[in-house]
Amino acid sequence: MEEPQPSHSGTSDSMMGLSMSRIGGTSSSALKRGPPSSFEGLEDETSKKRFKEDLGNEPDCEKSVAKSGYEALAEDLAQELQCGCCTELVYRPVVVSPCQHFFCGSCCVLWIRNGGTNCPACRGVSTIVTPSRPLQSIVDILLRADPSRERAERERIQADEVYKAGCSMRIPTPREASPEPNLNQNADYVRPCPHCVPDNAFGWRCPQPVIDYGVDPERAWHLDDGNPPGHAFCGNCENLLALRAPSTTKCDLCQVSFCGVGVPGRCLAAPLLSQHPHNMSDLGDLIQSSEVYGCFDHNTVEVDIMLDYLTAQELSPRHIYREVASHILSQPNGFRPLIELDLFVDIHSVTAGIDENPDAPRNRICRQCATEVMLWGIKDWWIRERQKGFLEETVTRRPDCKEGTSCSRQKDLAHARECKFQIALYLFSVLVLMFLAHR
């Protein structure tokens with residue numbers, strides 16, 4: 001009986017399947033045993049989850065990079081927008097011309113008040129300071145994006161008290177330095193004046209020339225003996241001058257003489273209404289003058305209103321002086337009440353002459369006396385100017401303070417903005433002048 005032969009059909013089928021899988025491009029991993037049914041699809045889900053997490057993390061990375069870049073940009077902007085004076089983020093920026101450096105408006109005002117005559121950054125010659133709207137717009141954008149960079153409220157209030165936003169200002173021109181005094185070869189003896197020298201360039205010779213110590217020590221004039229006959233010392237350059245020289249002028253208020261040759265335009269007592277007040281060449285000098293604030297009992301609100309008015313009307317300190325001097329001349333006693341108040345005593349460091357006729361007309365004045373006249377009358381001038389109707393109604397409608405200039409609350413900004421304080425002072429000044437006129 002024949003034994004049954006083993007069937008090769010299963011083997012054939014397996015080989016057929018393997019061949020077909022290879023033909024279909026299946027990798028060798030297809031030969032491995034597949035995972036149990038409970039793990040089916042787990043690997044795919046995990047991969048998808050990780051892929052989603054990776055996708056989700058990408059925006060966070062981008063956000064952090066963008067955030068760090070934004071912070072760096074804001075920091076760079078803040079550095080570029082620093083004020084050249086206080087090194088803080090600029091507040092109410094102003095630009096100096098022509099160098100185009102910018103500063104806080106309040107910093108620039110304080111710079112001018114403290115004697116600055118050029119750009120605070122480069123020290124270059126500057127003329128005018130104007131507010132900058134483009135810079136203010138950039139600062140506003142930066143503060144909207146990062147409010148933490150804004151100045152403290154108290155700092156902003158103090159800055160606004162110093163500088164009014166939108167106002168332009170002028171940097172005063174550098175003052176000409178007076179030449180060094182012509183010192184004697186021997187400090188104990190007087191050196192001859194320019195007119196004492198024979199054949200001098202001025203065409204006039206002193207009738208009583210002073211002997212030079214280096215030429216004849218025995219006949220030289222000693223300082224302890226007072227002024228040489230026919231001579232005095234110039235109130236500006238302090239050099240010796242000849243009283244009768246054509247170039248010599250004398251101030252009718254302080255009785256000091258000026259040589260007219262030392263510093264042209266300064267060693268001079270000019271006609272009363274044509275003189276320039278000393279150290280008051282433009283509005284910047286008024287702004288930085290503490291004496292102006294003292295004239296208003298340090299009422300900064302009233303002074304700021306006046307300075308804004310002067311800026312708008314383009315009025316100079318010389319204009320104020322001329323109107324004050326003209327008003328004094330129109331009074332019955334002219335300058336006599338001011339002279340009796342000793343307003344012009346000890347203005348100069350040199351010895352003054354003697355006023356031989358107190359009732360004589362006053363025709364010439366020196367620069368220093370012109371400044372004293374302007375400061376003495378600037379309060380009354382401002383009261384008269386306010387009545388001309390050029391000021392805003394919000395300013396003129398303020399009631400007069402009952403206590404006038406004696407009010408102890410003038411330095412209170414809220415009270416100073418509500419009331420006027422100078423009317424009582426004006427009436428008092430009128431009464432004083434009337435009293436002195438009838439003495």
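Below, the structure is looked at part by part. (Residues numbered from 1 in each chain as written. Predicted model: local features only at pLDDT ≥ 70, side-chain atom pairs only at ≥ 80, totals over all residues. Heavy atoms only, no water.)

## So, the sheet that holds strand β2 (residues 102-104)
Here is step 1: Here four strands make up an open sheet; going across it, the order is β2-β1-β3-β4 and the pairing antiparallel. Both edges of this open sheet fall to β2 and β4 (169-170), since each of them pairs with a single strand only.
Here is step 2: Sheet topology places strand β1 (residues 93-97) next to strand β3 (residues 128-131); four bridges connect them, and they run antiparallel. Each bridged residue has a counterpart across the sheet, and for V95 the counterpart in β3 is T130. (Pairing = 2+ DSSP bridges. Helix = DSSP H or I, 4+ residues; strand = E, 2+ residues; numbered from the N terminus.)

## Some details on helix α4 (residues 133-145)
Here is step 1: Taking 1.5 Å per residue, 13 residues should reach 18 Å; α4 reaches 19 Å between its end C-alpha atoms and fits that length.
Here is step 2: Turning to α4, its buried residues number three or more, namely L135, V139, L142 and L143. Down the axis of α4, the smallest arc covering the buried residues is 95°, so these residues share one side. Turned more than 90 degrees away from the buried face of α4, the exposed residues are R133, P134, I141 and R144.
Here is step 3: By the N-cap criterion, in which a side-chain oxygen at the helix start approaches the backbone nitrogen of a residue two or three places on, α4 is capped by S132, the distance to L135 being 3.3 Å. (Expected span 1.5 Å × (residues − 1). Buried < 20%, exposed > 50% of the residue type's maximum accessible area, 1.4 Å probe, protein only. Arc of directions from axis to C-beta. Polar contact = N/O pair within 3.5 Å; in protein donor to acceptor, adjacent residues only side chain to side chain.)

## Looking at the pairing of β3
In summary, the side chains of a regular strand alternate between the two faces of the sheet.
Here is step 1: Looking at chain direction, β3 and β4 are connected through two bridges and run antiparallel. Bridged to I128 within β4 is R170.

## Re the side chain of S257
Here is step 1: Checked against the element boundaries, S257 lands in strand β8 (residues 257-258).
Here is step 2: Among the residues examined, S257 registers a relative accessible area of 10% and is labelled buried.
Here is step 3: For S257, the residues in contact, after removing those within four places along its chain, are F233, C234, G235, L241, L243, T248, T249 and K250. (Contact = heavy atoms within 4.5 Å.)

## Here we look at the packing of aromatic side chains
Here is step 1: All chains considered together, the criterion is met by three aromatic pairs.
Here is step 2: Pairing W381 with W382 gives two aromatic rings, centres 6.3 Å apart and planes at 35°, and the pair type is tilted.
Here is step 3: A relative accessible area of 0% means that W382 is categorised as buried.
Here is step 4: Chaining the aromatic ring pairs together yields one cluster made of Y309, W381 and W382. (Phe/Tyr/Trp six-rings, centres within 6.5 Å; stacked < 30°, edge-to-face > 60°.)

## Looking at the pairing of β1
Here is step 1: Along β1, five of the five residues are buried, which leaves the element largely enclosed by surrounding structure.
Here is step 2: Burial of β1 is two-sided: the residues P93, V95 and S97 facing one way and the residues V94 and V96 facing the other way are all buried.
Here is step 3: One ladder, built from three bridges, connects β1 with β2; its direction is antiparallel. When the bridges of β2 are listed, V95 appears paired with F102.

## Things to note about the pattern of salt bridges
Here is step 1: Under the counting rule described, the total for this entry stands at ten salt bridges.
Here is step 2: Two residues, E155 and R151, come together in a salt bridge whose shortest N-O distance is 3.7 Å.
Here is step 3: Among the residues examined, E155 registers a relative accessible area of 38% and is labelled partly exposed.
Here is step 4: Salt-bridge contacts for R386 lead to E302; the nearest nitrogen and oxygen are separated by 2.7 Å. (Salt bridge = Lys/Arg side-chain N within 4 Å of Asp/Glu carboxyl O.)

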